[in-house]
Amino acid sequence: MKTKRLALYTFGIFRAPASDPVNQGFHDRNDRNFLIAETSEGFIARSGYDEEPGPESWGVQVFPRFYSERGDGWSPSTLSLWKDLASPMAFSYAGIHREAMRRGREWFLKPAWPPYVLWWVERDYTPTWTEAVVRHEFLHDHKASAFAFDFKTCFDEDGRSTTVDSQVVKQNMRLNEERQQMIQIVNS
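In what follows, the accompanying structure is described. (Residues numbered from 1 in each chain as written. Predicted model: local features only at pLDDT ≥ 70, side-chain atom pairs only at ≥ 80, totals over all residues. Heavy atoms only, no water.)

1. Some words on the nonpolar core
Condition: By nonpolar core is meant a set of buried Ala, Val, Leu, Ile, Met, Phe, Trp, Tyr and Cys residues that side-chain atoms within 4.5 Å join together. The classification of residues rests on relative accessible area computed with a 1.4 Å probe and restricted to protein chains. Under 20% of the type maximum is buried, over 50% is exposed, and intermediate values are partly exposed. Where helices and strands are cited, they refer to DSSP runs of H or I of at least four residues and of E of at least two residues respectively, numbered from the N terminus. Should any heavy atoms of two residues lie within 4.5 Å, those residues are counted as being in contact.
Counting residues in hydrophobic clusters, the biggest one holds 42 residues, and the most contacted among them are Y9, L85, L118, W119, F149 and V164. At the level of secondary structure, the elements contributing two or more residues to this core comprise strand 1 (4-11), helix 1 (24-38), strand 3 (77-82), helix 2 (86-92), strand 4 (116-122), helix 5 (129-141), strand 5 (154-155) and helix 6 (166-187). A total of six residues in this core trace back to one element, the largest contributor, which is strand 4. Beyond its immediate chain neighbours, meaning those up to four positions away, W119 contacts R5, L6, A7, Y9, L79, P127, E131, A132, R135, F147 and F149.

Here it is as structure tokens:
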């Protein structure tokens, strides 16, 4: 039985202020992306944002040192928990999220920093935004390790180097696609 959960932090900076019309495609997909993530295989929970409807925020939202103010006081970032490595990969590289990633250069600066970081947490532990930023900056400053890693160089919950099981990713993609189709039917 797994004793740990996988934390995932993502961070990006818009090319223009968030309200600029160039970012409308991102905003149009945002709520749907959250819904699809929350119904994806292996999803456990996500942090909300201070003073916004939705899940409770996991501490005060902070940003890494890479943050550049664009006139809105925030930058797109997420913090979530997953049951394993294959689950967030299956969500990220399929469906609406994959389509949004393909268009990402329209909305986001090309980062000199990692766009995301992964790390394992104890089953009963919820990471904070501050911890996520520490892990994110660590991955940027050092090579991937059990402390902070990505899908290319990942570690299992015991800190051993590992790879993501591509068959489980494909299986999760199929499950997620079925769920997404059901959501579309319900919302039609």
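On we go from here.
2. Concerning the pattern of salt bridges
Think of it this way: side chains of opposite charge can pair up when their charged atoms draw near. We count it as follows: Every case where a carboxyl oxygen of Asp or Glu lies within 4 Å of a side-chain nitrogen of Lys or Arg is listed as a salt bridge.
For the structure on display, the rule yields 11 salt bridges. A salt bridge links R160 to D156, with the nearest nitrogen and oxygen atoms 3.0 Å apart. Here the salt bridges share partners, and the residues they tie into one network are E41, K83 and R179.

3. Thoughts on the pairing of strand 4
Put simply, the rule reads: Strands qualify as paired when DSSP identifies two bridges or more between them.
Taking burial as the measure, the seven residues of strand 4 include six buried ones, the bulk of the element. As paired elements, strand 1 and strand 4 share seven bridges and run antiparallel to each other. Residue pairing in the sheet places K4 in a bridge with E122 of strand 4.

4. Focus: unusual backbone geometry
With the exception of glycine, the majority of residues adopt a negative phi angle, and the majority of peptide bonds are in the trans configuration. Although it is not a glycine, E51 sits at a positive phi angle of roughly 60°. Here E51 lies in the loop between strand 2 (43-46) and strand 3.

5. Focus: helix 1
To keep things clear, this is the line we draw: Under the convention used throughout, the expected extent of a helix is 1.5 Å for every residue step, that is, one less than its residue count. Fitting one axis to the seven residues ending at a residue and another to the seven starting there, the bend at that residue is the angle between the two axes.
Its 15 residues place the ends of helix 1 22 Å apart at the C-alpha level, agreeing with the 21 Å of an ideal helix rising 1.5 Å per residue. Taking the largest bend as the criterion, helix 1 deviates by roughly 35°, centred on N30. Taken as a whole, helix 1 has its buried residues at G25, F26, R29, N33, F34, I36 and A37.

6. Digging into the sheet that holds strand 2
Rule in force here: To obtain an axis, a line is fitted to C-alpha atoms, over the contacting stretch when the element is a helix, and the angle between two such axes runs from 0 to 180 degrees between their N-to-C directions.
The antiparallel open sheet is built from four strands, whose spatial order is 2-3-1-4. The open sheet has two edge strands, strand 2 and strand 4, and neither has a second partner. Neighbour-to-neighbour, the strand axes of this sheet turn through a mean angle of 25°, independent of strand direction. On the sheet, helix 1 packs against strand 2 and strand 3 and is oriented at approximately 135° with respect to strand 2. The sheet contacts of helix 5 involve strand 1, strand 3 and strand 4, and relative to strand 4 the element is tilted by about 125°.

7. A short note on the packing of helix 1 against helix 3 (residues 95-102)
Convention followed: Should an angle lie under 35 degrees it is considered roughly parallel, over 145 roughly antiparallel, and from 65 to 115 roughly perpendicular; all remaining angles are considered oblique. Rotating anticlockwise by less than a right angle from the far helix to the near helix defines a left-handed crossing, while the corresponding clockwise rotation defines a right-handed one. Think of it as three bins: nonpolar holds Ala, Val, Leu, Ile, Met, Phe, Trp, Tyr, Cys and Pro, charged holds Asp, Glu, Lys and Arg, and polar takes everything else, Gly as well.
It is the contact of helix 1 with helix 3, at a shortest axis distance of 9 Å, that shows an interaxial angle of 140°. In terms of orientation, helix 1 lies oblique with respect to helix 3. In this structure, helix 1 crosses over helix 3, and the sense of that crossing is left-handed. The residues of helix 3 that touch helix 1, namely those facing R29, R32, N33 and I36, are I96, H97, E99 and A100. Of the residues in the contact of helix 1 with helix 3, the class split is three nonpolar, two polar and three charged.

In short, the description is geometric, and any link to function would need to be established separately.
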